[in-house]
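# An overview of the molecular structure
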Amino acid sequence: KNMILRERQKEFVGKCTSALMARGNTLGVAPTGSGKTIMLSAVVGEILNGSSAKKACVLAHRDEITAQNLDKFRRVNPGMPVSIVDAEEKCWSGQTIFAMVQTLSRERNLVVMPPLDLLVIDEAHHARADSYRRVIDAAKVPGAGPPPPPGFPAVIVTPSLTAGWLRLPAAS
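Fair warning: this is a prediction, and the values are worked out from it, not measured in the lab.

Counting its secondary structure elements, the chain contains six helices and six strands. The linear arrangement of helices and strands in the chain, starting from the amino end, is α-β-α-β-α-β-β-α-α-β-α-β. When each of the 172 residues of the chain is scored for burial, the buried share is 53%. For the chain, long-range pairs separated by at least 24 residues make up 69% of all intrachain contacts whose partners lie at least 6 apart in sequence. Accessible surface computed for the chain: about 8,400 Å², of which carbon and sulfur atoms make up 53%.

One pass over the structure, following the stated rule, counts five salt bridges. A salt bridge links glutamate 7 to lysine 10, with the nearest nitrogen and oxygen atoms 3.3 Å apart. Here glutamate 7 and its partner lysine 10 are both found in helix α1 (residues 7–23), three residues apart, which amounts to about one turn of the helix. Taking relative accessible area as the criterion, lysine 10 reaches 42% and is therefore assigned partly exposed. Here arginine 133 and aspartate 137 are joined by a salt bridge, their closest N and O atoms 3.7 Å apart. Of this pair, arginine 133 and aspartate 137 both sit in helix α6 (residues 130–140), four residues apart, roughly one helical turn. Given a relative accessible area of 42%, aspartate 137 falls into the partly exposed group.

Once that is clear, we can look at the nonpolar core. In this structure, Val44 and Leu118 are the most contacted members of the largest nonpolar core, which totals 26 residues. Sorting the residues of this core by element identifies α1, α2 (36–50), β2 (56–60), α3 (63–76), β3 (82–85) and β5 (118–122) as the ones contributing at least two each. One finds Cys57, Val85, Leu110 and Ala127 within the second-largest nonpolar core, a separate group that totals 18 residues.

The side chains of a regular strand alternate between both faces of the sheet. Burial along β3 is two-sided: Val82 and Ile84 and Ser83 and Val85, pointing in opposite directions, are all buried. For β3 and strand β4 (residues 96–100), the ladder comprises four bridges, and the chain directions are parallel. In the sheet register, valine 85 faces β4, and the bridge partner there is alanine 99.

We now examine the packing of α1 against α2. The contact between α1 and α2 brings their axes to 9 Å, and the two run at 45°. The orientation of α1 with respect to α2, classified from their angle, is oblique. For the pair α1 and α2, the sense of crossing is right-handed. Residues Gln9, Phe12, Val13, Cys16, Thr17, Leu20 and Met21 of α1 form the contact with α2, whose own contacting residues are Ile38, Met39, Ala42, Val43, Glu46 and Ile47.

Counting across every chain of the model gives one aromatic pair. Between phenylalanine 73 and phenylalanine 98, the aromatic rings sit 5.3 Å apart at their centres with planes inclined by 70°, giving edge-to-face as the arrangement. With a gap of 25 residues between them, phenylalanine 73 in helix α3 and phenylalanine 98 in strand β4 connect regions that are remote in the sequence.

Conventions adopted
- Note that residues are indexed from 1 along each chain, following the sequence as it is written.
- Per-residue local features of the predicted model are confined to residues with pLDDT of at least 70, and side-chain atom pairs are confined, for both listing and counting, to 80 or more; whole-chain, interface and lining totals are unaffected and use all residues.
- Just so you know, side-chain values use all the structure's heavy atoms and leave hydrogens and water out.
- The helix and strand labels rest on DSSP assignments: H or I over at least four residues marks a helix, E over at least two residues marks a strand, and numbering proceeds from the N terminus.
- Exposure classes here rest on a 1.4 Å probe applied to the protein chains alone. A residue is buried below 20% of its type maximum, exposed above 50%, and partly exposed in between.
- Contact between two residues is taken to exist if any of their heavy atoms lie within 4.5 Å; hydrogens are not considered.
- We get accessible surface area from the Shrake-Rupley algorithm with a probe of 1.4 Å; when it comes to residues, only the shown protein chains can shield them.
- The term salt bridge refers to a side-chain nitrogen of Lys or Arg lying within 4 Å of a carboxyl oxygen of Asp or Glu.
- Take the buried residues of types Ala, Val, Leu, Ile, Met, Phe, Trp, Tyr and Cys, join any two whose side-chain atoms come within 4.5 Å, and each joined set is a nonpolar core.
- DSSP calls a pair of strands paired once it identifies at least 2 bridges connecting them.
- Note on geometry: axes are lines fitted to C-alpha atoms, helical ones only across the stretch in contact, with angles between N-to-C directions running from 0 to 180 degrees.
- Convention used here: angles under 35 degrees read as roughly parallel, angles over 145 as roughly antiparallel, angles from 65 to 115 as roughly perpendicular, and any remaining angle as oblique.
- If you view the pair so one helix is near and one far, a crossing is left-handed when the near helix is turned anticlockwise from the far one by less than a right angle, and right-handed when it is turned clockwise.
- Ring geometry is summarised as follows: Phe, Tyr and Trp rings, the Trp one being its six-membered ring, pair when their centres sit within 6.5 Å, and such pairs are stacked at plane angles under 30 degrees, edge-to-face over 60 and tilted between the two.

Next up, the structure:
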């Protein structure tokens, strides 16, 4: 069954999307029960459908969160190609990739990660961990491309129940 956003969720999605387009990063903070996973999915869908962005990755630290993100994403963005990178599967073909940080942060997986236009970190307070930093750093400089420009946006770390978005520069 497809998900329909409530007005307050649409407003949240609009503000996050505008901030991403204007500043290159944003942090979505909302209370328990507000539908953060639904809103996260809608933001990714809007960015991929409404800009030159072609590939996104939604990063999480638990199988349950990755499964929930994937399920809700499919309901918010039916028909958008998705794939999974975790201990059992390593598929990069989706327009949106749902990845486990423990798997993606390994060097052998980072070197084959395709260029990303958008990196979403679910529960962004984890972003300071070494495993997340490895993914963020690899995503900032896809392949052997040039280093990121000065002032490249950083992921903001906040308390639990948040999602951080990082719009990545185009690969050279």
